[in-house]
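As a plain string of letters, each chain reads:
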Amino acid sequence: MDGVSSSDTPEAVTPGVLRPRLPSPLREAVDERFARRGVRLLLKRDDLIHPELIGNKWRKLAPNLLAAGGRTVLTFGGAYSNHLRATAAAGRLLGLPTVGVVRGHELAERPLNPSLARCAADGMRLHFVDRPTYRRKSEPGTLAALLRATACEGAYVIPEGGSNSLAVQGCTALGEELRGHADLVALACGTGGTLAGLAGGLSPGQRALGIPVLKGGFLSAEIRALQEEAFGGPRGDWSLDDRFHFGGYARTPPELDAFAGDFERRHDLPVERLYVAKTLYALVTLAEEGAFTRGTTVAAVITGAPDGV
């Protein structure tokens, strides 16, 4: 990791305010939709890692915050970005200045939605840009202009969703925690960094399944690029199932909401709608399709919690 000694881990050197609960709990969920097909369902409760940097957000941000070395952190996200909220919360807890570059210049003229309002309340300075500029944010010239526009030339930059090589390396621990516990591990994917690291940490014979929450079919190439950057090449056995985005990010139609509510009642688990509900819906559907052979153990990574939980 850049600026981190090989003997250091994010958990070992993290200040007390960010100290995580690791390994996160793993518990079985007895569910007849799986049991009648001879399949066990486990829930990997990454939502319990930290009360404010929930789930994969802690795993991805901790090594980057360590590498930032106290500098201002600048990062990117949309109007409902969980990554922006987690970064803002980390900044408040650490006394670290944060800047969020937000997709959608028109949002600057509107009242802040609850997600962005929370970012602002946590001290994050928001900078709104038009969508063409946002699409080019990783180009050197555009990024340099954004750093000048925000007076952040010396800032530590974290990409959208927090997915870079440090984040991928941080997420390998998730796979390592699941070694020997499941045949298949599933989680929802936004930018692909968590899946890239998870697959790298699993044992041979285990598989990782990603459920993209965005449309477009672009994520396979992104994950391969992240693994190349983090590990020097492909790592682990992983695949994607693109059928469960429900129309795209932040889309939660009544069918998905009803499913999530039913799962909550069955298992006393608060189900976050944008990511976690889609993972669980996918696994129930796959079980009903006969995708898992009898004797299979499936683990669902609970990467987040609903607001207010």
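Conventions adopted
- Residues numbered from 1 in each chain as written.
- Predicted model: local features only at pLDDT ≥ 70, side-chain atom pairs only at ≥ 80, totals over all residues.
- Heavy atoms only, no water.
- Axes fitted to C-alpha atoms, helices over the stretch in contact; angles between N-to-C directions.
- Helix = DSSP H or I, 4+ residues; strand = E, 2+ residues; numbered from the N terminus.
- Parallel < 35°, antiparallel > 145°, perpendicular 65-115°, else oblique.
- Left-handed = near helix turned anticlockwise from the far one by under 90°.
- Contact = heavy atoms within 4.5 Å.
- Nonpolar A, V, L, I, M, F, W, Y, C, P; charged D, E, K, R; others polar.
- Buried < 20%, exposed > 50% of the residue type's maximum accessible area, 1.4 Å probe, protein only.
- Arc of directions from axis to C-beta.
- Disulfide = S-S within 2.5 Å.
- Salt bridge = Lys/Arg side-chain N within 4 Å of Asp/Glu carboxyl O.
- Pairing = 2+ DSSP bridges.
- Core = buried A, V, L, I, M, F, W, Y, C linked by side-chain atoms within 4.5 Å.
- Polar contact = N/O pair within 3.5 Å; in protein donor to acceptor, adjacent residues only side chain to side chain.

Attention shifts here to the packing of helix α3 (residues 56-68) against helix α8 (residues 165-177). The description of two packed helices rests on the angle between their axes and on the distance between the axes. Two elements in contact, α3 and α8, have axes separated by 7 Å at closest approach and are oriented at 140°. It follows from the interaxial angle that α3 and α8 lie oblique. Considering only the axes of α3 and α8, their crossing is right-handed. Mapping the contact onto sequence places Arg59, Lys60, Pro63, Asn64 and Ala67 in α3 and Leu166, Ala167, Gly170, Cys171, Ala173, Leu174 and Glu177 in α8. Split into classes, the residues belonging to the contact of α3 with α8 amount to seven nonpolar, two polar and three charged.

The next point concerns unusual backbone geometry. The peptide bond linking Leu22 to Pro23 adopts the cis configuration, its omega dihedral lying at -5°. In this model, Phe246 sits at a positive phi of 55°, which is unusual for a non-glycine residue. Relative to the assigned elements, Phe246 resides in the loop between β9 (238-240) and α11 (254-267).

Turning our attention to helix α7 (residues 140-149). Taken together, the buried positions of α7 are Thr142, Leu146 and Leu147. In an axial view of α7, the angular spread of the buried residues amounts to 135°, which keeps them on one side of the axis. More than 90 degrees from the buried face of α7, the exposed residues found are Pro140, Gly141 and Arg148. Check the buried side of α7 and you find it contacts β3 (73-77), β4 (98-103), β5 (125-129), α6 (131-135) and β6 (156-157). With its phi angle positive at about 55°, Ala151 sits one or two positions after the end of α7.

Our focus in this paragraph is the state of the cysteines. In this structure the tally under the stated criterion is zero disulfides. For Cys119, which is in no disulfide, the shortest distance to another cysteine sulfur is to Cys152 and amounts to 15 Å. Residue classification places Cys119 among the buried residues on the basis of a relative accessible area of 0%. With no disulfide of its own, Cys171 has Cys189 as its nearest cysteine by sulfur position, at a separation of 11 Å.

Taken as a whole and assessed by the stated rule, the structure comprises 19 salt bridges. The residue Glu177 makes a salt bridge to Lys44 at a minimum N-O spacing of 2.7 Å. A residue pair is termed long-range when its members are at least 10 positions apart, and Glu177 in helix α8 and Lys44 in strand β2 (residues 40-44) qualify at 133 residues. Just as Glu177 is buried, Lys44 falls in that class too.

Looking now at the sheet that holds β6. Taken in spatial order, the four strands make up an open sheet running β5-β4-β3-β6, and their pairing is parallel. Whereas interior strands pair on both sides, the edge strands pair on one side only; in this sheet they are β5 and β6. Relative to β6, β3 runs parallel, the two sharing two bridges. By the bridge assignment for β6, Val73 is matched with Tyr156.

Moving on, we come to the nonpolar core. If you look at the biggest cluster of nonpolar residues, it comprises 30 residues, and the most contacted ones within it are Leu41, Leu43, Phe263, Val271, Leu280, Leu283 and Phe292. Broken down by secondary-structure element, the contributors of at least two residues to this core are β2, β7 (184-189), β8 (207-212), α11, α12 (276-288) and β10 (297-301). Looking at which element gives the most residues to this core, the answer is α12, with nine residues. In this structure Leu283 touches Phe34, Leu41, Leu184, Ala186, Phe292, Val298 and Ala300, once residues within four positions along its chain are discounted. Core analysis: the second largest hydrophobic core is formed by 21 residues, Leu174, Leu178, Leu187 and Ala230 among them.

A separate point is helix α5 (residues 114-121). Here α5 has its buried residues at Ser115, Leu116 and Cys119. End-on view of α5: buried residues confined to an arc of 90°, all on one side of the axis. Away from its buried face, by an angle of more than 90 degrees, α5 presents the exposed residues Pro114 and Ala121. Measuring from the side-chain oxygen of the N-cap residue of α5 to the backbone nitrogen of Ser115 gives 2.9 Å; that N-cap residue is Asn113.

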